[in-house]
Amino acid sequence: MPQTRLLALLALGTALSGLPAAAEMPKSLNLNGATGLIDMPSGEAQEDARFTFSTALIGPVTRSSISFQITERLSGTFRFQVWRDWDTIIPGDDKFEDRSFDLRYQILKEGTYVPALTIGLQDFTSEGKFSSEYLAATKNFGERLKLTAGLGWGRMGSYGGIGAPFGDRPALPESDWGTPNVDQWFRGEAAPFAGVEYKISDQWTFKAEYSSDDYVLEEERGLIERDSPFNFGFEYQRGPNMRYGLYSLYGTEVAFAFHLILDPKTRATGGVMGAAPVPVKARPARTADPEAYDGGWVTQADAGPLLRKNLAKRLASDGIAIENLSYTATTAQIRIRSNRIDAGAQAIGRTARALSHVMPASVETFEIVPVVNGMGASKVTIRRSDLEQLEYAADNGSLLRQRVTITDAGPLPANAVGDDGLYPKFRWSLKPALKLSEPLKGDVGLRLAASYDIRPGLVLSGAVYKRVLGNVDRDGAYSDSTLPHVRTDNSRYSKYADPGLEQLTLAWYSRPATDIYSRVTLGYLERMHAGISGEVLWKPVDSRFALGAEVNYTRQRDTDGGFGFDEYDYDVVTGHVSAYYDFGNGYLGQLDVGKYLAGDLGATVSLDRVFANGWRVGAFATVTDVSTEEFGDGGFDKGIRFTIPLTWAMGTETRQTFAATLRTDTGDGGARVDVDGRLYESIREYHTQSLDPDWGRVWR
Amino acid sequence: MSAVSRLTAALAVLALLAACGSEKSEPSPMGAAVGTLAKATLSRMSARRAGGEAKTPAAPSRAEIEKYGMPILRAVIPSRGADALVTISDRKGPVVTWSTTDGTTFSLRDGVLIQTRGLGPDLMSARAPSLGQLRQNGGTHQRVYYFLGADDRTTTRTYDCTVQVRGGESVTIFGRAHATTRVTEECVRPQGRITNEFWLEGATVRKSRQWVSGLTGYIDLERVVD
């Protein structure tokens, strides 16, 4: 085990520095995690889908940001900023924490004569401590020099203003904190800023800028003295994934920045790792060996168990378990559970290859049904002769896809060889778990999890978590929320439920009809709530659209992580109707309308961008009938979430991922029960829209 | 703990997440991939690390190789310092798949590379010239390579290629000289060019240098034992 870990660690190191750096001048990031100069933004955009994690230290101010290039032109940033020594001059808390969102849109891409032009909103929904709006233009001159000029409002309009073209900037009333500050946008003094980037070598860049941010807030608090509008510094690019910056800021401060730059589209390993598949087994020509095609074997009593055993042996090397096998002389249907391979298409390909070795020659049709939580997610029908013909053909992925049909899984065939002793029913794991609650806040702990399949689709599972180290809030005080404390007593759960029972449930998944999926989960659903949760989903295999409904009855659990319900006398019926739409190119939208945990009524909109390799980055916002005052500083529930597959980073063939949800502010409004195994995400992987983008992996 | 060291710690944790349980994931193939060819094949000849430092275990003699009594191909990938002797794992008509014992395969149609698996940046399939086309001095053809590209989507590279028969050349493989005809296949597309080279001995491609993929570069193949 330690060896594996060491290898994994080394692999990550190698992986992150393995690819050659691009020769062109990088579109670098600034101290705020946005594309830009040092403290000012630029007109450029990152490469599509670039995911960056930035940390900047500016004296007593720390800015940690996560940025994502949502489309080629649109990008977003989530920032967690801490001002330490906040009480230097004005008494109060010794630090101030603020979470903010930016959005920026590139209006013009750079051309021969036209500069890149970007319009941006910085910190557009919070208390306004970091709010700015800007227009920035950037033009490259040759391969080494880049000039930027822009106009800023808000903080970026606070020094060297040239007047207020769109009128005065009204103060931001406290009641508007957390909602889009539309009244402030582009109001008040506008001030120009400018800067230059010069590429010294492939690794080193020099930057200098004239900043239009007067640092009024920081001067007022005695944190940063601003003597000069000029900033300059050097940046060092280490491989394609890391960039460091060291700067002189405002004549008085030294600032440091680190950027981790990840490209979800490109595996750190350069390609899909894992051993080659076994070749397809070719059948003898029917004319040469007609006897091989005789279907008489079907009547042999021991054929089923033997075939199943041989298939199980072959598929085990790919982490695929057989849940069922049924056959006639000409058709075989195999129900599989893929535990390791991260792409549906590849799991299907490997299964088809195994079938070509094991099934007698008379079997011409392979029906492969991937099963998730006991539910058949889809049925992929492959003609065996196509498999044989196309194995070495050019563009065999597309050619095979044209001849394959993907349909509803349908019911389990009557003649199934259901020897369930052949797949593992009991599974357990003890793993380190990283729970991230903010870009630089989280807990590292150990999670012991186990599950037992009573029969396919009926699963008993549980998990216990023990924190090892971390810096999440654990003061154990009750929150001052005026709503039922369905989420805001988080610090109590963190403090007292350690170790704590995270989950203990009995879940029943089934397929009541074509295109319909259902789930009932009973027990300790999550660390704060227990009860019963029922869900139904309608999702045709080839449909972009899906509809679901969920109803839950839950009681709030004690904060000690045990089985009791004494601490809070709170129970509630919640439920949602959900619509899902796959816009294509990996963009998924979801709308949930219903009743939330605190009894509030409202809706959640979310948009995610998913990648074939398992990366996922998304944002969500919930508006309910809870007032912004009741909700707290955040105004309404909103945040971002991302999932990074470990196989992308390390090449290890695994379905494990690292996922985090980061909110601007946790309130009690707009909260939903966090139940495992929600249907849409469970089955989506094996539907057409998810199988098709990386279908080429069927031959991997 | 500084922010950066915290981040490093977080990354380390990310790397460590593969832990114990009943469902094991495969050990990281990154390390394996780098040395994959060298390690687990019939015999190791020389494994240079990426840095170029040569560790040279005694190279086997032709007699030792022939003792196995089976066809053997030598595969060298300069970009990853891999060098291995590989054997046949599948034969379907003109297509022969050669494989290392630890799961890397090369499929050749009449000696022309059409697929690889297990390298990571693999060649998934190819529209490649026939041996007949490669014998035609001045002949032209289109070559199409298919890969899993960004976000695992199938991507292609299409080249226009010209064949040039360069004439006779003697090639020595493990102490045995072969009289061959050297053929080059120059392929261009707007973004760049590649050159595949073949040394033909009768109907056999005795030796070749063929392009695999952007990150893998070229592979050198020598047919040691027929």
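For every chain, the first residue of the written sequence is number 1, and numbering continues from 1 onward in sequence order. Chains and ligands are labelled by the order in which they are written, letters from A for the one and numbers from 1 for the other. Only residues with pLDDT of at least 70 are given local features in this predicted model, and only at 80 or more are side-chain atom pairs given and counted; all residues enter the totals for whole chains, interfaces and linings.

On a plain count of helices and strands, chain B comes out with four helices and 15 strands. Considering chain B as a whole, with its 226 residues, one finds that 40% of them fall into the buried category. Long-range pairs, those at least 24 residues apart, make up 42% of the contacts in chain B between residues at least 6 apart in sequence. The way it works is that DSSP assigns letters per residue, a run of H or I at least four long becomes a helix, a run of E at least two long becomes a strand, and they are numbered from the N terminus. Each residue is classed by its C-beta neighbour count within 10 Å, where at least 20 other C-beta atoms makes it buried, 12 or fewer makes it exposed, and intermediate counts make it partly exposed; the C-beta atoms are placed from backbone geometry. In this description, any two residues whose backbone-derived C-beta atoms lie within 7 Å of each other are considered to be in contact.

Residues and elements named next belong to chain A. Strands were regarded as paired on the criterion that DSSP finds at least two bridges between them. Read once around its circumference, the closed barrel built from 12 strands follows the order β1-β2-β3-β4-β5-β6-β7-β8-β9-β10-β11-β12, with strand pairing classed as antiparallel. Averaged over all neighbouring strand pairs, the angle between strand axes comes to 20°, with direction disregarded. Pairing geometry for strand β6 (residues 132–141) and strand β7 (residues 145–154), over 10 bridges, is antiparallel. Note on β7: the bridge partner recorded for alanine 137 is alanine 149. Angles here are taken between N-to-C directions and fall from 0 to 180 degrees, while the axes themselves are lines fitted to C-alpha atoms, restricted in helices to the stretch in contact.

Next up on the list: the domain arrangement of chain A. Residues and elements named next belong to chain A. An automatic or database domain assignment provides the domain bounds reported here. Split into domains, chain A comes out as domain 1 (23–262), domain 2 (290–422) and domain 3 (426–690). Between domain 1 and domain 3, the C-alpha centre-to-centre distance is 33 Å. Listed by partner, the interface residues are 19 residues for domain 1 and 16 residues for domain 3. Looking at the side of domain 1 that touches domain 3, the elements with two or more residues in it are β1 (51–58), β2 (61–69), β3 (74–84) and β4 (95–108). Per-element tally for the side of domain 1 that touches domain 3: the top contributor is β2, with four residues. For this classification, the nonpolar set comprises Ala, Val, Leu, Ile, Met, Phe, Trp, Tyr, Cys and Pro, the charged set comprises Asp, Glu, Lys and Arg, and every other residue, Gly included, is treated as polar. Of the residues contributing to the side of domain 1 that touches domain 3, the split by class is nine nonpolar, eight polar and two charged.

Backbone-to-backbone hydrogen bonds join strands into a sheet, with any given pair of strands oriented parallel or antiparallel. All names here are of chain B. Across the sheet, which stays open at both edges, the 12 strands sit in the order β8-β7-β6-β5-β4-β15-β14-β13-β12-β11-β10-β9 with antiparallel pairing between neighbours. Whereas interior strands pair on both sides, the edge strands pair on one side only; in this sheet they are β8 (112–117) and β9 (125–127). When the angles between neighbouring strand axes are averaged without regard to direction, this sheet yields 30°. In the sheet, strand β12 (residues 176–189) pairs with strand β13 (residues 192–201) via nine bridges, with the strands oriented antiparallel.

All names here are of chain A. Note on placement: lysine 425 falls in the loop between β18 (405–407) and β19 (426–438). Separated by 26 residues in the primary sequence, lysine 425 and serine 451 have C-alpha atoms spaced 7.9 Å apart. The contacts of lysine 425, once residues within four sequence positions are left out, are Tyr452 and Asp453.

This part is about the nonpolar core. The nonpolar side chains of a soluble globular protein tend to be buried with one another. In these notes, a nonpolar core means any group of buried Ala, Val, Leu, Ile, Met, Phe, Trp, Tyr and Cys residues linked to one another through C-beta atoms within 7 Å. Counting 109 residues, the largest nonpolar core has Leu311, Ile334, Leu355 and Ile368 of chain A together with Ala75, Leu113 and Ile219 of chain B as its most contacted members. In terms of residue count, the dominant contributor to this core is helix α4 (residues 344–358) of chain A (seven residues). Leu31, Val61, Ala136 and Ala190 of chain A belong to the second largest nonpolar core, which has 27 residues in total.

Let's shift gears to α4 of chain A. Compared with an ideal rise of 1.5 Å per residue, which puts 15 residues at 21 Å, α4 of chain A spans 21 Å between its outermost C-alpha atoms and is within 8% of the ideal. Most of α4 of chain A sits inside the fold, with 14 of its 15 residues counted as buried. To estimate the expected span of a helix, subtract one from its residue number and multiply by 1.5 Å.

A few words now on the pairing of strand β14 (residues 204–213) of chain B. Residue and element names in this part refer to chain B. Among the 10 residues that make up β14, eight are buried, leaving the element largely enclosed by the rest of the structure. Pairing geometry for β13 and β14, over five bridges, is antiparallel. Within β14, the position partnered with tryptophan 199 by the bridge is lysine 207. Between β13 and β14, which pair antiparallel and follow one another directly, the connecting turn spans two residues, one of which, glycine 202, has a positive phi of 60°. One ladder, built from six bridges, connects β14 with strand β15 (residues 217–225); its direction is antiparallel. When the sheet's bridge partners are listed, serine 213 is paired in β15 with glycine 217. Following β14, the chain reverses through three residues before pairing antiparallel with β15.

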